[in-house]
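# Structure at a glance
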Amino acid sequence: MEDTDARHQRPAGSPAASVVHRLHDRGETLATVESLTGGLLAAAIVEIAGVSSIYRGGLVVYATELKATLAGVPEDLLAARGPVDPDVAVALAEGGRQRCDAVWGLATTGVAGPEPQDGKPVGLVYVAVAGPAGAEVRRLDLDGGREHIRDAAVIEALRLLADRIQARDAEPADPAGTGRR
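A word on the overall build of the chain. Helix and strand counts for the chain come out as six helices and five strands. Each of the three principal axes of the chain carries a C-alpha extent, and together these read 50 × 40 × 25 Å. Long-range pairs, those at least 24 residues apart, make up 65% of the contacts in the chain with a sequence separation of at least 6. Just so you have it, the chain exposes about 8,400 Å², and 50% of that area is on carbon and sulfur atoms. Distance between charge centroids for the chain: 4 Å, based on 19 positive and 26 negative side chains.

Following this line, the structure appears as structure tokens:
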């Protein structure tokens, strides 16, 4: 495994360890839904000692119809836009979050190659996170071979989650005790 990010650089430290430890400290849970990464994201997460306290589980929904039946992506969205789409990525993350009863859902979808898919170029990837304050998606235009595209998608998905956790940490505390920040 190359373990390089979208810029072909090795991340400092382990992106998976960082989010696992932060979620553990917060008492929050995580679920994953993967298409193009085919389980690599879940594998990166479960390598971390102590992960059982935060990782609820995940889905690998490689086939388009499973994105609807297992992850809850609306069939009309898939029919209109195909599986490689920013809104599909968000729906995957939210579907995983709901189905696994987790605080956070993290998803990947895209084209790893070697050939374009449904008119989408090799290297087009969307990573998405859904959490307590909504969802966010990032488009990645990756180059390199199939292995690099999949590895980079994992790293960038974990970075997106880390960014969302950090943004949530920066929000003001809830003085009224309503459970909202």
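Another aspect to go through is helix α1 (residues 15–26). If you check α1, its first and last C-alpha atoms are 17 Å apart, about what 12 residues at 1.5 Å a residue would give, namely 16 Å. Looking at α1, one finds that the buried residues are Pro15, Ala16, Ala17, Val19, Val20 and Leu23. In the core, the buried residues of α1 are packed alongside β1 (30–34), α2 (40–46), β3 (104–110) and α6 (146–170).

Turning our attention to the sheet that holds strand β4 (residues 124–131). Strands sit in the order β2-β1-β3-β4-β5 across an open sheet of five strands; the sheet is mixed. Both outer strands of the open sheet, β2 (55–60) and β5 (134–141), are each paired with one neighbouring strand and no more. Neighbour-to-neighbour, the strand axes of this sheet turn through a mean angle of 15°, independent of strand direction. Here β1 runs beside β3; their pairing, made up of five bridges, is parallel. Bridged to Thr32 within β3 is Leu106.

Each value, and the rule that gives it
- Residues numbered from 1 in each chain as written.
- Predicted model: local features only at pLDDT ≥ 70, side-chain atom pairs only at ≥ 80, totals over all residues.
- Heavy atoms only, no water.
- Helix = DSSP H or I, 4+ residues; strand = E, 2+ residues; numbered from the N terminus.
- Contact = heavy atoms within 4.5 Å.
- Areas by Shrake-Rupley, 256 points an atom, 1.4 Å probe, with all protein chains shown as cover.
- Lys, Arg positive; Asp, Glu negative; His and termini not counted.
- Charge placed at Lys NZ, Arg CZ, Asp CG, Glu CD.
- Expected span 1.5 Å × (residues − 1).
- Buried < 20%, exposed > 50% of the residue type's maximum accessible area, 1.4 Å probe, protein only.
- Pairing = 2+ DSSP bridges.
- Axes fitted to C-alpha atoms, helices over the stretch in contact; angles between N-to-C directions.

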